[in-house]
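Here's the letter readout for the chains.
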4 protein chains.
Amino acid sequence: MAGGDSDSPLTSPSLEKQFEKFRLQLEDSGSLRERIRAVVMEIESATRLMQASLLLVHQSKPIPQVLEKANAQINVLKDLYNKLAEVVRECPGQYYRYHGDWRSETQMVVSLLAFMHWLETGNLLMHTEAEEKLGLNDSDFALDLEDYLVGICFMSNEMPRYVVNQVTAGDYDCPRKVLKFLTDLHAAFRMLNLRNDFLRKKFDSMKYDLRKVEEVYYDVKIRGLATTGDSVGDQGTQKI
Amino acid sequence: MAGGDSDSPLTSPSLEKQFEKFRLQLEDSGSLRERIRAVVMEIESATRLMQASLLLVHQSKPIPQVLEKANAQINVLKDLYNKLAEVVRECPGQYYRYHGDWRSETQMVVSLLAFMHWLETGNLLMHTEAEEKLGLNDSDFALDLEDYLVGICFMSNEMPRYVVNQVTAGDYDCPRKVLKFLTDLHAAFRMLNLRNDFLRKKFDSMKYDLRKVEEVYYDVKIRGLATTGDSVGDQGTQKI
Amino acid sequence: MAGGDSDSPLTSPSLEKQFEKFRLQLEDSGSLRERIRAVVMEIESATRLMQASLLLVHQSKPIPQVLEKANAQINVLKDLYNKLAEVVRECPGQYYRYHGDWRSETQMVVSLLAFMHWLETGNLLMHTEAEEKLGLNDSDFALDLEDYLVGICFMSNEMPRYVVNQVTAGDYDCPRKVLKFLTDLHAAFRMLNLRNDFLRKKFDSMKYDLRKVEEVYYDVKIRGLATTGDSVGDQGTQKI
Amino acid sequence: MAGGDSDSPLTSPSLEKQFEKFRLQLEDSGSLRERIRAVVMEIESATRLMQASLLLVHQSKPIPQVLEKANAQINVLKDLYNKLAEVVRECPGQYYRYHGDWRSETQMVVSLLAFMHWLETGNLLMHTEAEEKLGLNDSDFALDLEDYLVGICFMSNEMPRYVVNQVTAGDYDCPRKVLKFLTDLHAAFRMLNLRNDFLRKKFDSMKYDLRKVEEVYYDVKIRGLATTGDSVGDQGTQKI
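Along every chain, residues carry numbers that run from 1 in the direction the sequence is written. All chains are assigned letters beginning at A, and all ligands numbers beginning at 1, according to the order in which they are written. For this predicted model, a pLDDT threshold of at least 70 governs which residues receive local features, and a threshold of 80 or more governs which side-chain atom pairs are given and counted, while totals over whole chains, interfaces and linings are taken from all residues. Each side-chain value is worked out from all heavy atoms of the structure, with water and hydrogens disregarded.

Participant: I tried to follow the overall build of chain A on my own but got confused; where do I start?
Facilitator: Think of it this way: any DSSP run of H or I at least four residues long counts as a helix, any run of E at least two long counts as a strand, and we number them from the N terminus. If you tally the helices and strands in chain A, you get eight helices and zero strands. Secondary structure elements in chain A, listed N-terminal to C-terminal, are α-α-α-α-α-α-α-α. Within chain A, the proportion of its 240 residues that are buried is 50%. Residues count as neighbours in contact if any of their non-hydrogen atoms are within 4.5 Å of one another. Looking at chain A alone, contacts between residues at least 24 apart form 76% of all its contacts between residues at least 6 apart. In these tables, accessible area is a Shrake-Rupley quantity obtained with a 1.4 Å probe, and a residue counts as shielded only by the protein chains included in the view. Roughly 11000 Å² of accessible area belongs to chain A as shown, and the carbon and sulfur atoms make up 50% of that amount. In this scheme, a residue with accessible area under 20% of its type's maximum is buried, one over 50% is exposed, and one in between is partly exposed, where area comes from a 1.4 Å probe on protein chains only.

Here you go:
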């Protein structure tokens, strides 16, 4: 059976012209996506280096030494996010079109930065502080709020392991401090009315981190290892 | 590291202040999403009315009569898309953040508009024409190209049924015309380098539409029902 | 380690008294459910007999003969639904508590009754007619509307097979009649704003039944087997 | 069979009339469901506030203070259940038709009320007491027994965490009391012949709560921290 039954070219000229335009547009967005992915792969690679340094904290390496190595990657990441912002800026108003391409990597970056910040200061890394560290304090390429919050949940997931290893290494005051931090963080999250399914699920996992840390604190207390007993007033000068 | 262990209230003031800000931001984006969904539900409802009118074409109702009723919904849809654009415009640069909320409904709208346009003119509804019909020819709220292309694939999926019913009703020239149209459309799509998984899958289904229409054309030809044979030159005055 | 550390009985008297009451309540609802299930199994069994008789219609057995055998089960089913209603009536206001236990069986019953009614009259079995046949026209044990509608969708699913077999047996007018019936039925369902996920899915499947019947009608027409051609005015007296 | 093949409008008048009636019925039940869901969302919101207050018990805040805040939500919930009952009462005999829409939220409410009641009295909140607190002691809108029982299982799931945190805070008598309570509760549940799959699964989880509390009690005993030993006779005046 014969299909097309005329001598006309395959497609009508206007059809061809339109699809030629589409072809160019799809190639443009396709190559933009490839350039985004290239940068994101570099981000992932720098993040892995940062994480490798940070993991030494579980082996009781001195915190300043651990942080020094990990901190070195922050500037690398800042440069990469700057590069990413430049690429995305070529398509004004399309940040969220490609957002999925750097989402999970950025959540991981936030979780590491927040853990490092907590090791250094005992406080939560604020949203604006995270943006500053990554040079994202720009109006058209910012750190998405939900990505920040998911990153914080990921950081919380690391806490039980840290506490267990610190106690093993003889730091019996760590559980109390982490418990205070996580309790506050958990209460703060509870202020939010989470409708985003993914974020809600990640937040729900924070409850298990909290329980696990409570159990470690319990172990330390019941053995009388947390020598300071129940009074917490004069512990401020202790270092972990 | 210094663990905060003061008698401060549950959360530190800065933590509380930050999460209060987050709470407001999440409520804002949540209520925006609800407003978007309300308009999208209206779009879906108008689309269903349009589709109900269009379905009569399969029962060989006169095309002008069928189109008149269906066309009446276009202005309703245009108003609704205008309403949607106003809501989305409140968050400049976040079109693609909420895009998923009106995607599939818009693809369905495009497929119906394109089918109506083809019934009327025998030609493919162009991207810009679709935008014009829906009042989307605006720089900050346009018709996403992939949504347009998916909609065209959906239209193609309706063609075999139309051809079958037209032949049943005695219109033996319909398969040839539809085959010419689908063959051109298929060839045009083949110009595109489709990397988007969903669009590629939809395009792949167009091949089956083409085969089915070829088979109907074959049935008609082999029985000598397509009396006009292969020449198409003097068919121009016929109405589809 | 020893658990309970007193000589008191295992549970406090008030606790024991309460759970003894719960035990009785749960046994009551459990045995009620068992009695319901026993009747439902009988319903299923009668339905299978009815279906076995009806299947002969696909082998071109004379319709009156097929219907006679199938009709014989209607009274059996009526008695069983009466029995079911009596059991459920023991718990006023709890029809919907146990509804799930007879749902799918009842949908199947409706689909068979509706197919039989269509074979006999060419019309759709109405909701009230279905209730009457099953003796369910009672205020406290009625035929749930969604069950009726799902049953009608199931009936539609049988139509393509029936049409194919009728044409094979030489009844070339059957596709036209079934197509008219299904087209009307499909249009009627489209009036409903279906939010129930299951029902919506079943309704969506009706579209494929319609297409399949259209294709059979097409086959018949293109071969000139539907001898009456396009005019449908004087077909009313024909018997399938 | 006689196929209807007249020139009647799209659907036969009786068909159209019937489906118009269905449309109205489905809209009615759909809008009822939406009103139910709106109240249920308010119930969920009040429950979250109650839970936020209650969580402070894990940080060793004084129980009366914790309960005061949490108790304040009981009247809010009572009003909301009254509102829900009014909506459901519009459809007599259909409580169980919509029951699934408030089930899990009500189980959560019961679990919190039961935990609060236990903190206050050391006893299990009875079914009728739960109904009274929520104003559900009505014949046509009661607290479903299985929902009550699932709620009690959820309460049990919170007990290990409470015990761990109480011991950490220096309350070494808590494990013994909780163990006595859970042992009795577990034994009481064992009186029931659970056929309901969900409830049985939840009850199975109670065994793990019991084990965990036993382990904490063991830790306390083996270290000689539970100074009061095994005698429970003179503990009656102690507050939990």
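Participant: Explain the pattern of salt bridges to me, please; I cannot follow it from the model alone.
Facilitator: Where side chains of opposite charge bring their charged atoms close, a pairing between them can arise. The salt bridge criterion pairs a side-chain nitrogen of Lys or Arg with a carboxyl oxygen of Asp or Glu, the two atoms within 4 Å. Following the criterion strictly, the structure yields 56 salt bridges over all chains and no others. In this structure, B:R103 and B:E146 form a salt bridge, with 3.8 Å as the shortest nitrogen-oxygen distance. Of this pair, B:R103 sits in helix 4 (residues 103-121) while B:E146 sits in helix 6 (residues 145-168), and the two are 43 residues apart along the sequence. B:R103 sits in the partly exposed class, given a relative accessible area of 27%. The class of B:E146 is buried, set by a relative accessible area of 13%. Residues C:E214 and B:R161 are paired through a salt bridge, measuring 2.8 Å at the closest nitrogen-oxygen approach. Placement of C:E214 in helix 8 (residues 197-222) and of B:R161 in helix 6 is noted, with the two residues assigned to different chains. What makes C:E214 buried here is its relative accessible area of 3%. One network of salt bridges, with partners in common, ties together A:R103, A:D144, A:E146 and A:D147.

Participant: How should unusual backbone geometry be read in this particular structure?
Facilitator: Across the chain, the bulk of peptide bonds are trans and the bulk of non-glycine residues have phi less than zero. Backbone geometry places A:S60, a non-glycine residue, at a positive phi of 60°. Topologically, A:S60 is positioned in the loop between helix 1 (13-54) and helix 2 (63-89).

Participant: Would you take a moment to explain a positive patch on the surface for this structure?
Facilitator: Residues and elements named next belong to chain B. Together, R190, R200, K207 and R211 give the surface a local cluster of positive charge. With three residues, the top contributor of residues to the positive patch is helix 8 (residues 197-222). Within the fold, R190 resides in helix 7 (residues 174-190). A relative accessible area of 59% places R190 in the exposed class. Put simply, a patch holds well-exposed residues, over 30% relative accessible area, that have no salt bridge, with like charges counted together within 9 Å and Val, Leu, Ile, Met, Phe, Trp or Tyr side chains within 5 Å. Residues counted as positive are Lys and Arg, residues counted as negative are Asp and Glu, and His and the chain ends are not counted. By convention, the charge on Lys lies at NZ, on Arg at CZ, on Asp at CG and on Glu at CD.

Participant: Quick question: what am I supposed to make of the side chain of B:D184 here?
Facilitator: All names here are of chain B. Residue position: D184 is located in helix 7. A relative accessible area of 8% means that D184 is categorised as buried. Throughout this description, a polar contact denotes any pair of N or O atoms lying within 3.5 Å of each other; where both atoms belong to protein, one of them has to be capable of donating a hydrogen while the other can accept it, and for residues adjacent in sequence the pair is counted only when both atoms sit in side chains. At 2.9 Å, the side chain of D184 and the side chain of K180 are in polar contact.

Participant: Would you mind going over the packing of aromatic side chains with me for this structure?
Facilitator: Here a ring pair, both rings aromatic, is described through the centre-centre distance and the interplanar angle of the planes. Centres within 6.5 Å make a pair out of two Phe, Tyr or Trp rings, where for Trp the six-membered ring is used; the pair is then stacked when the planes are under 30 degrees apart, edge-to-face when over 60, and tilted otherwise. A full pass over the atoms with the stated rule returns 48 aromatic pairs over all chains. Ring geometry for C:F22 versus D:Y148: centroids 5.5 Å apart, planes at 65°, classification edge-to-face. Placement of C:F22 in helix 1 (residues 13-55) and of D:Y148 in helix 6 (residues 145-168) is noted, with the two residues assigned to different chains. No difference in accessibility class separates C:F22 from D:Y148, as the two residues are buried. Pairing D:F115 with D:Y162 gives two aromatic rings, centres 5.7 Å apart and planes at 85°, and the pair type is edge-to-face. Linking D:F115 in helix 4 (residues 103-121) with D:Y162 in helix 6, this pair joins segments that are 47 residues apart in sequence. Each member of the aromatic cluster is reached from another via a ring pair, and the members are A:F19, A:F22, B:Y148, B:F189 and B:F203.

Participant: For this particular structure, what's the right way to read the packing of helix 6 (residues 145-168) of chain C against helix 8 of chain C?
Facilitator: Working note: a packed helix pair is described by the angle between its axes plus the distance between those axes. Residue and element names in this part refer to chain C. Remark: helix 6 packs on helix 8, axes separated minimally by 9 Å, with the N-to-C direction vectors making an angle of 20°. By the angle between their directions, the pair helix 6 and helix 8 is classed as roughly parallel. Crossing of helix 6 over helix 8 shows left-handed handedness. Touching E146, L149, V150, C153, F154, S156, N157, P160, V163, V164 and V167 of helix 6 are F198, L199, K202, F203, S205, M206, D209, K212, V213, V216 and V220, all from helix 8. Nonpolar residues are Ala, Val, Leu, Ile, Met, Phe, Trp, Tyr, Cys and Pro. Charged residues are Asp, Glu, Lys and Arg, and all others, Gly as well, are polar. Taken together, the residues that form the contact of helix 6 with helix 8 break down as 15 nonpolar, three polar and four charged. Angles run from 0 to 180 degrees between N-to-C directions of axes, and those axes are lines fitted to C-alpha atoms, restricted for helices to the stretch in contact. What sets the label is the angle itself: under 35 degrees gives roughly parallel, over 145 gives roughly antiparallel, 65 to 115 gives roughly perpendicular, and the rest give oblique. Take the far helix as the reference: if the near one is turned anticlockwise from it by less than a right angle, the crossing is left-handed, and if turned clockwise, right-handed.

Participant: In this structure, what is going on with helix 7 of chain B? I would like to understand it.
Facilitator: Because each turn of an α-helix spans 3.6 residues, side chains separated by three or four positions in sequence point in the same direction. To estimate how far a helix should extend, the number of its residues minus one is multiplied by 1.5 Å. Compared with an ideal rise of 1.5 Å per residue, which puts 17 residues at 24 Å, helix 7 of chain B spans 24 Å between its outermost C-alpha atoms and is within 8% of the ideal. Of all 17 residues that make up helix 7 of chain B, 15 are buried, and the element is covered over most of its length.

Participant: Teacher, can you tell me more about the environment of D:M41 here?
Facilitator: Residue and element names in this part refer to chain D. Tracing the chain through its elements places M41 in helix 1 (residues 13-54). Assessed through its relative accessible area of 59%, M41 is described here as exposed. Here the alpha-carbon distance between M41 and L80, two residues 39 residues apart in the chain, equals 9.9 Å.

Participant: Please clarify how the nonpolar core should be interpreted in this entry.
Facilitator: Generally speaking, nonpolar side chains in soluble globular proteins are found buried as a group. By nonpolar core is meant a set of buried Ala, Val, Leu, Ile, Met, Phe, Trp, Tyr and Cys residues that side-chain atoms within 4.5 Å join together. Of all hydrophobic cores here, the largest spans 155 residues; its most connected members are A:F189 and B:F189. Ranked by residue count, the leading element in this core is helix 6 of chain B, at 13 residues. Those residues in contact with B:F189, other than ones at most four positions away along the chain, are A:F19, B:L149, B:I152, B:C153, B:L199, B:F203 and B:M206.

Participant: Could you clarify how one ought to interpret the side chain of D:D147 in this entry?
Facilitator: Residue and element names in this part refer to chain D. Mapping D147 onto the fold places it in helix 6. Reaching out from D147, the side chain makes a polar contact with the side chain of Q107 at a distance of 3.1 Å. With sequence-adjacent residues up to four places away left out, D147 is seen in contact with H99, R103 and Q107.

Participant: Explain the environment of B:R48 here, please?
Facilitator: With respect to the element layout, B:R48 can be found in helix 1 (residues 13-54). Put simply, B:R48 and B:Q73 are 25 residues apart on the chain and 9.7 Å apart in space, counted from C-alpha to C-alpha. When sequence neighbours within four positions are dropped, the list of residues in contact with B:R48 reads C:R190, C:L192 and C:N193.

Participant: Just to check I follow, could you spell out helix 8 (residues 197-222) of chain A for this structure?
Facilitator: When the terminal C-alpha atoms of helix 8 of chain A are compared, their 38 Å separation across 26 residues agrees well with the 38 Å that a helix rising 1.5 Å per residue should span. Downstream of helix 8 of chain A by a residue or two, A:G224 has a phi angle that is positive, lying close to 65°.

Participant: I tried to follow the confidence of the model for chain A on my own but got confused; where do I start?
Facilitator: The predicted coordinates ought not to be read in detail in places where the model reports low pLDDT. Residue and element names in this part refer to chain A. Summing up the model confidence of chain A, the mean pLDDT is 88 and the portion of residues at 70 or higher is 89%. pLDDT gives the predictor's per-residue confidence on a scale running from 0 to 100. At the level of individual helices and strands, chain A shows its lowest average pLDDT in helix 3 (residues 95-98), which scores 92, and its highest in helix 4 (residues 103-121), which scores 97. Long-range and interchain partners of residues 229-240, a stretch whose pLDDT sits below 50, account for 23 contacts in this model, where long-range means more than four residues apart.

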